[in-house]
Amino acid sequence: MTEGILIGLTTALSFQNIFMVMIGCFFGTIIGMLPGLGPMTAIALMIPITYGFDPATGLILMAGVYYGAVFGGSTSSILLNAPGVPGTVATSFDGYPMAQQGKAGKALAIAAWSSFAGGTLSAIYLLFMAPSLSKVSLSFRSPDYFALMILGLTAIAAFSSKGQFLKAMMMVVLGLMLASVGQDSLSDITRFTFDNMNLTDGISFVLVVMSTFAMSEALTIILKRNDPTAAAKQVSLTELGSIRINKEERGKMYRTIPRSSVIGFLIGVLPGAGATIASFLAYGMERNLVKDEEKEKFGKGSVNGLSAPETANNAACSGSFVPMLTLGIPGSGTTAVMLGALLGFGIQPGPRLYMTNPEIFWSVIMSMYIGMVILLILNLPLIPYIARILAVPKNYLIPLILFFSITGIYVMSFNNFDIYLMIGIAVVATFLRLYDFPMPPLILAFVLGGLMEENLRRSLLLSNGSWEFLWDRTLTICILVTTILIVLWHIYKTLTKK
Amino acid sequence: MNINTTKIISLLFFIFSAFYLYTAYQIQVFAFDENAPFNARTFPIYLGYAGLFFSGLKLILPDPDTIKVEHRTLEYKKTALLIIIAIIYGATILKVGYFLTTSLFLFASYYFLGERRWVLMFLLSFPFVAGFMYLLHGVLEIYLRDPFLKSIGVMG
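Residues numbered from 1 in each chain as written. Chains lettered and ligands numbered in written order. Predicted model: local features only at pLDDT ≥ 70, side-chain atom pairs only at ≥ 80, totals over all residues.

Section: the overall build of chain B
Secondary structure assignment for chain B yields 7 helices and 0 strands. Starting at the N terminus, the α and β elements of chain B follow one another as α-α-α-α-α-α-α. For 156 residues, the compact-globule estimate of 2.2 N^0.38 gives 15 Å, and chain B exceeds it by more than 25% at 25 Å. By its C-alpha atoms, chain B is 60 × 55 × 25 Å across when sized along the principal axes. (Helix = DSSP H or I, 4+ residues; strand = E, 2+ residues; numbered from the N terminus. Rg over C-alpha atoms; globule rule 2.2 N^0.38 Å.)

So, in structure tokens, the structure goes:
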């Protein structure tokens with residue numbers, strides 16, 4: 001492990017990679033602050049740029065964008081009560097009241113230090129947990145992987161959209177259907193191409209991400225007449241107040257941060273959960289754990305109430321890398337985008353990644369520490385100025401998002417058909433978004449489609465066509481029982497809802 | 001049963017899944033693979049049934065969280081214009097080249113979205129695209145096909 005850490009550290013500390021972390025954090029912070037444009041869009045827009053780098057640098061850049069976006073989302077939550085990303089909704093519960101009391105600078109500082117501590121602690125957990133889990137996951141067999149993918153898809157459907165489980169499951173199936181277009185990986189038989197040569201190689205992952213996220217989010221903003229930059233124009237540079245945190249406040253943070261980082265990390269590891277659930281759980285747990293006098297301050301500008309969700313959402317970001325790096329199965333839509341990009345580089349994440357590509361595995365983990373320091377430097381003194389940069393009118397923002405999306409596809413294929421297909425999928429996705437059909441399950445399913453078919457194929461061939469492989473091993477049964485419980489719970493909730 | 005747009009989308013998805021399933025059954029597999037435990041059509045067939053199952057459930061089960069969209073408040077005109085511009089952009093990018101089409105696409109998009117600051121519109125289209133092209137093509141060495149710039153001798 002020491003050798004791996006040194007390899008990772010050397011890679012992460014190269015000038016190019018430090019620069020990439022800085023670019024990623026900066027870009028992610030800006031996108032994260034814009035309500036409606038989340039980390040998935042930010043990462044999708046970065047994919048064309050990563051083509052020019054080696055896989056480790058590309059992944060470091062995307063990871064920087066990811067935690068930068070979560071970090072940036074907290075700023076708009078505190079200053080404007082307009083969370084940039086869902087993971088920072090809980091931050092606004094106490095961050096915004098604090099800002100209204102003239103302590104916006106202090107709230108930003110608490111958020112920045114909590115995020116830094118949460119991110120750093122969880123990167124340490126990741127450092128120790130990922131290799132151990134990789135070793136454990138080497139014992140996983142095809143039926144376990146197949147069951148794990150079913151669990152991941154069900155969980156993301158269950159958690160991605162409140163009360164919309166069936167809609168999310170329909171999106172999962174649609175994602176798998178899109179992934180099935182093109183040549184069958186084993187027999188080379190073409191499927192669902194309708195004799196169109198452009199579809200022989202299947203639909204590109206970048207195309208699906210760009211169309212369902214970047215492009216459809218841009219179209220949705222225009223369609224709904226939203227202005228994600230309007231809120232940024234309200235930020236006053238002169239009314240932020242001091243960013244100093246006093247001894248009493250630091251004492252409260254020292255108690256909150258360790259426990260919130262643990263809960264955030266563990267929730268992040270679970271497939272389908274993530275920063276949003278982690279931040280709400282940490283907030284709820286903190287409210288139950290503090291003394292009664294502090295409990296009354298919750299919702300009115302509590303230091304613990306602000307520190308807990310901020311620590312947890314950043315810890316969850318690092319946690320979500322665990323299933324991706326160790327099992328090759330992303331636990332969230334955002335890590336699914338990263339997995340897809342890695343597959344595009346010809347790298348297969350999974351239990352053997354840290355042996356076959358130690359520089360990628362370890363450099364991503366090491367770059368997280370660097371990223372946290374950069375985010376702290378970026379957030380504390382520069383946030384008000386970054387917020388002003390966001391006052392770019394949407395008349396410029398939207399065409400630029402469309403431009404980056406189309407460029408991403410153009411440099412990949414030099415094919416008109418792909419651009420038409422992207423526009424077509426984006427129009428359908430925009431319409432589906434209007435009616436609350438969630439897109440992250442579609443992306444996760446699209447990324448996992450090929451792997452899922454492969455593992456089902458192996459399992460069925462090994463068991464001579466029998467479905468007994470589902471209950472042959474205790475591990476498979478445990479995973480499937482968890483999946484069934486999630487499905488039953490959501491069906492029960494739908495039926496009993498008034 | 002209350003008919004709303006979500007139910008109509010579910011019905012469309014049901015029909016789509018039925019079509020997908022029909023097409024899955026039509027996939028030609030090798031003769032020796034026909035009775036194999038798993039062949040090229042196995043997984044798509046399961047997916048077709050899964051699509052029918054979930055969309056069918058959505059159609060049948062009550063929908064307590066009906067999403068109501070105020071169509072009168074939606075900006076259809078500008079959205080449609082942007083889509084049309086994007087299609088024209090896609091149709092011309094290979095023949096005309098990246099620089100000119102992208103710059104014109106950006107300029108036209110700013111205009112149709114209501115921007116009228118001509119200098120800023122120009123700066124954020126032609127010079128911006130030139131800078132971005134330099135970053136991709138010159139610095140990151142990502143190939144960009146551009147017959148127009150090639151014809152005037154700017155790009156190799």
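Some remarks on the overall build of chain A
Of regular secondary structure, chain A possesses 20 helices and 2 strands. Relative to a compact globule of 498 residues, whose C-alpha radius of gyration would be 23 Å, chain A shows 22 Å and is just as compact. By its C-alpha atoms, chain A is 65 × 60 × 50 Å across when sized along the principal axes. With 498 residues in all, chain A has 62% of them scored as buried. Looking at chain A alone, contacts between residues at least 24 apart form 80% of all its contacts between residues at least 6 apart. (Buried ≥ 20, exposed ≤ 12 C-beta atoms within 10 Å, placed from the backbone. Contact = placed C-beta atoms within 7 Å.)

Examining helix α18 (residues 416-434) of chain A
The end-to-end C-alpha distance of α18(A) is 28 Å, a good match for the 27 Å that 19 residues give at a rise of 1.5 Å each. If you check which residues of α18(A) are buried, you get A:D418, A:I419, A:L421, A:M422, A:I423, A:I425, A:A426, A:A429, A:T430 and A:L432. Contacts made by the buried residues of α18(A) are with α8 (205-223) and α17 (394-413) of chain A together with α3 (76-96) of chain B. Phi turns positive one or two residues past the end of α18(A), at A:D436, with a value near 65 degrees. (Expected span 1.5 Å × (residues − 1).)

Let's talk about the packing of helix α4 (residues 55-80) of chain A against helix α5 (residues 89-137) of chain A
Residues and elements named next belong to chain A. In the contact formed by α4 and α5, the axes pass within 9 Å of each other and the chain directions differ by 165 degrees. When the axes of α4 and α5 are compared, the pair comes out roughly antiparallel. The chirality of how α4 crosses α5 is right-handed. In this structure, α4 contributes Y67, F71, S74, T75, S77, I78 and L79 to the contact, and α5 contributes T91, S92, G95, Y96, A99, A104, A107, L108, A111, S115 and G119. (Axes fitted to C-alpha atoms, helices over the stretch in contact; angles between N-to-C directions. Parallel < 35°, antiparallel > 145°, perpendicular 65-115°, else oblique. Left-handed = near helix turned anticlockwise from the far one by under 90°.)

Focus: the domain arrangement of chain B
Reports often express the size of an interface as the amount of accessible area lost when the parts come together. In terms of domains, chain B is made up of domain 1 (5-60) and domain 2 (73-151). When each unit is reduced to the centre of its C-alpha atoms, the spacing between domain 1 of chain B and domain 2 of chain B is 40 Å. (Domains from an automatic or database assignment.)

A look at helix α4 (residues 98-112) of chain B
The end-to-end C-alpha distance of α4(B) is 21 Å, a good match for the 21 Å that 15 residues give at a rise of 1.5 Å each. Taken residue by residue, α4(B) has B:Y98, B:T101, B:T102, B:S103, B:F105, B:L106, B:S109 and B:Y110 as its buried positions. In this structure, the buried residues of α4(B) make contact with α17 of chain A together with α3, α5 (118-123) and α6 (126-139) of chain B. B:G114 sits one or two positions beyond α4(B) and adopts a positive phi of about 105 degrees.

A few points about the interface of chain A and chain B
Residue-level contacts link 49 residues of chain A with 58 residues of chain B. Mapped by element, the contributors of at least two residues to the side of chain A that touches chain B are α7 (165-179), α8, α17, α18 and α19 (440-462) of chain A. Taken together, the residues of the side of chain A that touches chain B break down into 30 nonpolar, 9 polar and 10 charged. (Nonpolar A, V, L, I, M, F, W, Y, C, P; charged D, E, K, R; others polar.)

Focus on unusual backbone geometry
All names here are of chain A. Phi is positive for D195, close to 60 degrees, though the residue is something other than glycine. Residue placement: D195 occurs in the loop between β2 (190-191) and α8. With 7 C-beta atoms packed within 10 Å, D195 lands in the exposed category. Positive phi is not limited to glycine here, since N464 has a value of about 55 degrees.

A word on the confidence of the model for chain B
Of all residues in chain B, 96% have pLDDT values of 70 or greater, and the mean over the chain is 88. Confidence estimates for the predicted assembly give a pTM of 0.83 and an ipTM of 0.93. (pLDDT = per-residue confidence, 0-100.)

Here we look at the packing of helix α9 (residues 247-269) of chain A against helix α12 (residues 303-319) of chain A
Angle between the axes and distance between the axes are the two parameters that describe a pair of packed helices. All names here are of chain A. Interaxial distance between α9 and α12 falls to 7 Å at its minimum, and their mutual angle equals 35 degrees. Between α9 and α12 lies a crossing of right-handed hand. Of the residues in the contact of α9 with α12, the class split is 13 nonpolar, 11 polar and 2 charged.

Observations concerning the environment of A:S242
Mapping A:S242 onto the fold places it in the loop between α8 and α9. Along the primary structure A:S242 and A:G105 are separated by 137 residues, whereas in three dimensions their C-alpha atoms are 5.2 Å apart.

Focus: the environment of A:L339
Residues and elements named next belong to chain A. Checked against the element boundaries, L339 lands in helix α14 (residues 333-344). Given 27 C-beta atoms within 10 Å, L339 falls into the buried group. Placed 14 residues apart in sequence, L339 and L325 show a C-alpha to C-alpha distance of 8.8 Å. Other than its neighbours up to four places away in sequence, L339 contacts M324, P330, P349 and V447.

Section: the environment of A:W113
Tracing the backbone shows A:W113 in helix α5. In this structure A:W113 touches A:I245 and A:M253, once residues within four positions along its chain are discounted.

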